[in-house]
Amino acid sequence: MDFGFTSSDIEKISSILGCEPQCETDMWIWRLANAQTRQAQTVSLQNNIQFGRNEIGSLAVVQTIHGYFELHRCTSYVLFEPDEVIFTSITGDYLSSMVVGRHCTCSMFAPIHREILSKDLTQIDPALLMSTMQLSLAETSLSMR
């Protein structure tokens, strides 16, 4: 396993999500609620998941009234102040991402060719602008690490 969530990561993520998780062995669960919109979502992170015969990694899951989203082989995350966490999975030339917000928001982009993230926004097909703008933030932060 190349990446696993640590206690320090969980503290940082909790601070952005605005609540403490329920903790189990190698698993953390946050239950978020937005009183204004009456939305709720459950966010869970888990280490030591067997993805394949010889592949163990981390999993990020978001469950809402609208759907169930999984990001397999999570390789990192970026805190996007004040209220979002961007979980990423990088495989070769591709980046997948799940953006989770304190106010019960969730967006998923997968798989995005990393090359597109460094292009001039005026040269990108308008249909790709949202994912490109969101993930270029993560790509910039990840390349600094």
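S.K.: Looking at this structure, I do not really get the sheet that holds strand β5 (residues 67-71). What am I missing?
M.R.: One key point about sheets: their strands pair by backbone hydrogen bonds, in either a parallel or an antiparallel sense. A sheet is described by the order of its strands in space; here 5 strands give the open sequence β1-β2-β3-β4-β5, paired in antiparallel fashion. Each end of this open sheet is capped by a strand with a single partner; those strands are β1 (22-24) and β5. Strand after strand, the sheet turns through a mean of 20° between neighbouring axes, direction not considered. For strand β3 (residues 39-52) and strand β4 (residues 55-64), the ladder comprises 9 bridges, and the chain directions are antiparallel. For I49, the partnering residue across the bridge sits in β4 and is G57. Docked against the sheet, helix α1 (residues 7-17) engages β2 (27-34) and β3, running at close to 5° with respect to β2.

S.K.: I keep staring at the side chain of S76 and nothing clicks. Help me out?
M.R.: Inspection of the secondary structure puts S76 in strand β6 (residues 76-80). Under the relative-accessibility criterion, S76 is labelled buried at 7%. A polar contact is formed between the side chain of S76 and the side chain of T88, at a distance of 2.5 Å.

S.K.: Looking at this structure, how should I read the sheet that holds strand β7 (residues 84-91)?
M.R.: Strand order in the open sheet formed by 4 strands is β6-β7-β8-β9, with antiparallel pairing between adjacent strands. Both edges of this open sheet fall to β6 and β9 (105-113), since each of them pairs with a single strand only. With strand direction ignored, the average angle separating the axes of adjacent strands in the sheet is 15°. With 7 bridges connecting them, strand β8 (residues 94-101) and β9 associate as antiparallel partners. Pairing of V99 across the sheet is with S107, part of β9. Here α1 sits on the sheet and contacts β6, β7 and β8; the angle it forms with β6, its principal contact strand, is near 35°.

S.K.: Whenever I open this one, unusual backbone geometry confuses me. Can you help?
M.R.: As a rule of thumb, non-glycine residues mostly have phi less than zero, and peptide bonds are mostly trans rather than cis. Following E81, the chain continues to P82 via a peptide bond in cis, the omega torsion being 10°. Checked against the element boundaries, P82 lands in the loop between β6 and β7. Look at N48: it is not a glycine, yet its phi comes out positive at around 60°. As for its position among the elements, N48 is in strand β3. In this structure, C104 is a non-glycine residue whose phi angle is positive, near 65°. Tracing the backbone through its elements, the reader meets C104 in the loop between β8 and β9. When its relative accessible area of 8% is taken as the criterion, C104 is described as buried.

S.K.: Can you help me understand the nonpolar core in this one?
M.R.: Nonpolar side chains in soluble globular proteins tend to be buried together. Ranked by size, the top nonpolar core spans 21 residues in total, and within it F5, I13, W30, L45 and F87 carry the most contacts. Secondary structure elements with two or more residues in this core: α1, β2, β3, β4, β7 and β8. Element by element, the count of residues in this core is highest for α1, at 4 residues. Setting aside residues up to four positions removed in sequence, W30 forms contacts with I10, I13, S14, L17, C19, E20, P21, Q41, T42, V43 and L45. Counting residues in each nonpolar core, the second largest holds 10 residues, with I86, V99, I112 and L117 among its members.

Cut-offs used in this document
- Residues numbered from 1 in each chain as written.
- Predicted model: local features only at pLDDT ≥ 70, side-chain atom pairs only at ≥ 80, totals over all residues.
- Heavy atoms only, no water.
- Pairing = 2+ DSSP bridges.
- Helix = DSSP H or I, 4+ residues; strand = E, 2+ residues; numbered from the N terminus.
- Axes fitted to C-alpha atoms, helices over the stretch in contact; angles between N-to-C directions.
- Contact = heavy atoms within 4.5 Å.
- Buried < 20%, exposed > 50% of the residue type's maximum accessible area, 1.4 Å probe, protein only.
- Polar contact = N/O pair within 3.5 Å; in protein donor to acceptor, adjacent residues only side chain to side chain.
- Core = buried A, V, L, I, M, F, W, Y, C linked by side-chain atoms within 4.5 Å.

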